[in-house]
Amino acid sequence: MAQKLFNEEEARILEEIIFHRRDVRGNKFLQKPVEDSVVEKILLAALNSPSVGFSQPWEFVLVKDKEIKEKVRDSFNEENNYATGLFDKERASEYAQMKLEGIMESPLNIAVFYKPVQSTVLGQTSMKEVGLYSVVCAVQNMWLMARAHNVGMGWVSILNPDKVKQILNAPPDNRLVAYLCIGYVKEFLEKPELEILQWEKRKILEDIIYHEKYLAEPLKSFNISPVSKHIEPDLRHKIDFKTKPLGALGELEKIAFKIGLMQNTLSPELRNPHIVVYAADHGIAREGVSAYPQEVTFQMVMNFLNGGAAINVFCRQNNIAMKVVDAGVNYSFPPGMNVVNAKIGMGTKSFLQEPAMTLAEAQKAINSGAAIVQDIFKDGCNVIGFGEMGIGNTSSASVLMSLLCNIPINECVGKGTGVTPEGLEKKISILSAAIKKHGKPDNIMQVLATYGGFEIAQMCGSMLQAAENKMVILVDGFIATAAFLVAYNINPLVMDYAVFCHQSEESGHGRMLKHLNVTPLLNIGMRLGEGTGTAVAYPIIKSAVNFLNHMASFESAGVSNKD
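Residues numbered from 1 in each chain as written. Predicted model: local features only at pLDDT ≥ 70, side-chain atom pairs only at ≥ 80, totals over all residues. Heavy atoms only, no water.

1. What about helix α14 (residues 421-438)?
Line of reasoning, step 1. Spanning 18 residues, α14 covers 26 Å between terminal C-alpha atoms, matching the ideal 26 Å at 1.5 Å per step.
Line of reasoning, step 2. Here α14 has its buried residues at Gly-423, Lys-427, Ile-428, Ile-430, Leu-431, Ala-434 and Ile-435. All buried residues of α14 fall inside an arc of 165° around its axis, so they share one side. Away from its buried face, by an angle of more than 90 degrees, α14 presents the exposed residues Pro-421, Glu-422, Glu-425 and Lys-436.
Line of reasoning, step 3. In this structure, the buried side of α14 is in contact with α13 (393-405) and α15 (444-451).
Line of reasoning, step 4. Count one or two residues on from α14 and you reach Gly-439, which has phi positive near 70°. (Helix = DSSP H or I, 4+ residues; strand = E, 2+ residues; numbered from the N terminus. Expected span 1.5 Å × (residues − 1). Buried < 20%, exposed > 50% of the residue type's maximum accessible area, 1.4 Å probe, protein only. Arc of directions from axis to C-beta. Contact = heavy atoms within 4.5 Å.)

Here is the structure:
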């Protein structure tokens, strides 16, 4: 075939075809059959698409039979019902009203399969999946050729590929890439239908272009205001003149006073309390710092999701909403599980060998933690606690404590998940070697990136965002306080919104609390993590707010004060 150079008019026509390609679904198809000659052109366009190593790894099944189409449509309905339940109530209602396929309405369905090549293929020796990507190029060619002949096409992806393979009797190794609905249509829409329905917005080109390499996601700037002091006298008077001796409610009075200042009111409220549990794996766990294998992280997340952990019990008991976040677990959770996917990576690197994460990953983790809290805040929450799960995270927290509190590492390290005395010595030795290798970076973000964990960074961002929103922050034990320590070094005003719930039995926690000059509400020998200390302490915090709001004053009760 002679080389073809397009003139300006031909190039303009090609642009028209590309920019007016539309996904067609539902009742827009006419029952007029597509001529065999046009179908052949569409398939030839696929056959002539880019193919890495010229492997041409595609096969097509043309489906017109009503019974077969009905079986595929039934598979769609089953998967679509499942998908509806994955959205929140409002989004699910919008989703349920949309017509997302035209399997029965279109006169022709075409299933496109990737047929893996068994032999070594040029260009696929390193990137094994590029053969699959070639099939996607073939689908795009089909779509453009169909549009050039004024034929509509819709891509149905809400299908169980294994069931469709079974219906079509496809070979076991073949992979379903696309199930296409093809036919002449009543109209081509001016814009993509999901854009018209405002389900999604078109991206802006400038927002998805990076020159030379990706830039680090900029760290969110947290605008935290100090608590207002102008109501201090009135708040103190209200507390002191309740029907009790001065100071008789002890710490409850201090909590009530602090929350009143946070909310700038004499009648504070605790609305829609939440605890968010962040889970992530740590590369340092592979160095032998923990008595438990790394797999325990994802196993415990499954326990959270099944409602069987201590934090589940305490949240249910105290009517606290709970969210579980995959910050960086070395496991891919199946779709449909009630876990927030905020995964930064499949666990951090071992900071004995190299920095735990890049600066870009640390900043992304803080930003994603902030976004999670912002969504919860929009649902009316104003009191929030944070928990964690991650084998190896006491090692990360110990190093952060040592560097940020200027305390020798051997005074910061505890048993973590139950290491033996010999294991404790090994843990101290490993962490000492890591500090010797990397030292203390000058910048707080570099400290976090070098020694931190994805869940610790996300908790840090969550606490900063909660403070910006003037939410009551419930600080848990050793790991959560280490995250708070980082947050405090980023913006000290976060302290104005923090209530420290308990002192962990983890040996370094008391030293960390002393460094921050704070007194925890409880000291009852807990060292579980998960946010359990915040959940157990929450009724005390609730009692503090309730006495301030509902306990009678000397004046209202007609009781004589000693004065």
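2. As for the environment of Met-302
Line of reasoning, step 1. Relative to the assigned elements, Met-302 resides in helix α10 (residues 296-305).
Line of reasoning, step 2. Taking the C-alpha atoms as reference points, Met-302 and Met-337, 35 residues apart in sequence, are found 9.3 Å from one another.

3. Comments concerning the packing of helix α12 (residues 359-378) against helix α16 (residues 454-468)
Line of reasoning, step 1. Between α12 and α16, the least distance of the axes is 7 Å, while the angle of their chain directions is 50°. Judged on the interaxial angle alone, α16 and α12 are oblique. Like other packed secondary-structure pairs, α12 and α16 cross with a definite hand, here right-handed. On the side of α12, the interface is formed by Glu-361, Ala-362, Ala-365, Ile-366, Ser-368, Gly-369, Ala-370, Val-373 and Gln-374, while α16 contributes Phe-454, Ala-457, Gln-458, Cys-460, Gly-461, Ser-462, Gln-465 and Ala-466.
Line of reasoning, step 2. Tallied by class, the residues present in the contact of α12 with α16 amount to nine nonpolar, seven polar and one charged. (Axes fitted to C-alpha atoms, helices over the stretch in contact; angles between N-to-C directions. Parallel < 35°, antiparallel > 145°, perpendicular 65-115°, else oblique. Left-handed = near helix turned anticlockwise from the far one by under 90°. Nonpolar A, V, L, I, M, F, W, Y, C, P; charged D, E, K, R; others polar.)

4. Let's talk about a nonpolar patch on the surface
Line of reasoning, step 1. Taken together, the side chains of Leu-14, Ile-18 and Phe-19 present a nonpolar region at the surface, about 310 Å² in accessible area.
Line of reasoning, step 2. By secondary structure assignment, the location of Ile-18 is in helix α1 (residues 8-19). (Patch = residues over 30% accessible without salt bridge, like charges linked within 9 Å, V, L, I, M, F, W, Y side chains within 5 Å. Areas by Shrake-Rupley, 256 points an atom, 1.4 Å probe, with all protein chains shown as cover. Salt bridge = Lys/Arg side-chain N within 4 Å of Asp/Glu carboxyl O.)

5. Let's talk about a negative patch on the surface
Line of reasoning, step 1. Taken together, the side chains of Asp-88, Glu-90, Asp-375 and Asp-379 make up a negatively charged region of the molecular surface.
Line of reasoning, step 2. Topologically, Asp-88 is positioned in the loop between α3 (66-84) and α4 (89-96). (Lys, Arg positive; Asp, Glu negative; His and termini not counted. Charge placed at Lys NZ, Arg CZ, Asp CG, Glu CD.)

6. Here's the deal with the pairing of strand β2 (residues 108-114)
Line of reasoning, step 1. Buried residues dominate β2, accounting for seven of its seven residues.
Line of reasoning, step 2. Along β2, one buried face is formed by Leu-108, Ile-110, Val-112 and Tyr-114 and the opposite face, lined by Asn-109, Ala-111 and Phe-113, is buried too.
Line of reasoning, step 3. Bridge analysis of strand β1 (residues 58-63) against β2 gives six bridges, and the strand direction is antiparallel. When the sheet's bridge partners are listed, Val-61 is paired in β2 with Ala-111.
Line of reasoning, step 4. In this structure, β2 lies alongside strand β4 (residues 175-183), joined through seven bridges in antiparallel fashion. By the bridge assignment, Asn-109 is partnered in β4 with Cys-181. (Pairing = 2+ DSSP bridges.)

7. A few points about unusual backbone geometry
Line of reasoning, step 1. Phi is positive for Gln-56, close to 50°, though the residue is something other than glycine.
Line of reasoning, step 2. For Gln-56, the position within the fold is in the loop between α2 (36-47) and β1.
Line of reasoning, step 3. The class for Gln-56 is partly exposed, based on a relative accessible area of 31%.
Line of reasoning, step 4. The residue Glu-212 is not glycine, and still its phi comes out positive at about 75°.
Line of reasoning, step 5. Relative to the elements of secondary structure, Glu-212 occurs in the loop between α7 (193-196) and α8 (232-240).

8. What about the packing of α8 against helix α9 (residues 251-263)?
Line of reasoning, step 1. Between α8 and α9, the shortest axis-to-axis distance is 10 Å and the interhelical angle comes to 150°. With respect to α9, the element α8 is oriented roughly antiparallel. Of the two elements, α8 crosses α9, and the hand of that crossing is right-handed. Here α8 contributes Glu-232, Leu-235, Arg-236, Ile-239 and Asp-240 to the contact with α9, which in turn contributes Glu-253, Ala-256, Phe-257, Gly-260 and Leu-261.

9. Focus on the packing of aromatic side chains
Line of reasoning, step 1. Inspection of the entire model under this criterion finds eight aromatic pairs.
Line of reasoning, step 2. Both rings, one in Phe-484 and one in Phe-500, keep their centres 5.1 Å apart while their planes meet at 80°; by these two values the pair is edge-to-face. Remark: Phe-500 occurs in strand β10 (residues 498-500) and Phe-484 occurs in helix α17 (residues 478-490); sequence separation between them is 16 residues. For the pair Phe-484 and Phe-500, a shared accessibility class is recorded, and that class is buried.
Line of reasoning, step 3. Counting every residue linked through ring pairs, the aromatic cluster contains Phe-298, Tyr-331 and Phe-333.
Line of reasoning, step 4. One Lys or Arg, Arg-21, reaches over the ring of Trp-143 and ends 4.1 Å from the middle of that ring.
Line of reasoning, step 5. Here Arg-147 stacks its cationic end above the ring of Phe-188, 3.8 Å away from the centre of that ring. (Phe/Tyr/Trp six-rings, centres within 6.5 Å; stacked < 30°, edge-to-face > 60°. Lys NZ or Arg CZ within 6 Å of the ring centre and 35° of its normal.)

10. Side note on the nonpolar core
Line of reasoning, step 1. Membership of the largest hydrophobic core comes to 120 residues, with the highest contact counts inside it found for Ile-384, Phe-386, Ile-473, Phe-484, Val-494, Phe-500 and Ile-541.
Line of reasoning, step 2. Discounting residues that sit within four places of it in the chain, Ile-473 has contacts with Ile-384, Phe-386, Met-463, Ala-466, Ala-467, Val-494, Tyr-497, Ala-498 and Val-499.
Line of reasoning, step 3. One finds Ile-110, Val-135, Val-177 and Ala-178 within the second-largest nonpolar core, a separate group that totals 25 residues. (Core = buried A, V, L, I, M, F, W, Y, C linked by side-chain atoms within 4.5 Å.)

11. Structural notes on the pattern of salt bridges
Line of reasoning, step 1. Going through the model one piece at a time under the given rule, you end up with 20 salt bridges.
Line of reasoning, step 2. Here Glu-10 makes a salt bridge to Lys-4, at a shortest N to O gap of 3.2 Å.
Line of reasoning, step 3. Of the charged contacts in the structure, one is a salt bridge between Arg-271 and Glu-269, with a shortest N-O distance of 3.5 Å.
Line of reasoning, step 4. Residue Glu-269 is classed as partly exposed on the basis of its relative accessible area, which comes to 45%.
Line of reasoning, step 5. One salt-bridge network, held together by shared partners, links Asp-23, Arg-25, Lys-28 and Glu-193.

12. Digging into the environment of Ile-196
Line of reasoning, step 1. Mapped onto the elements of the fold, Ile-196 is located in helix α7.
Line of reasoning, step 2. Taking the C-alpha atoms as reference points, Ile-196 and Asn-469, separated by 273 residues in sequence, lie 34 Å from one another.
Line of reasoning, step 3. Dropping the residues within four chain positions of it, Ile-196 is found in contact with Leu-189 and Lys-191.

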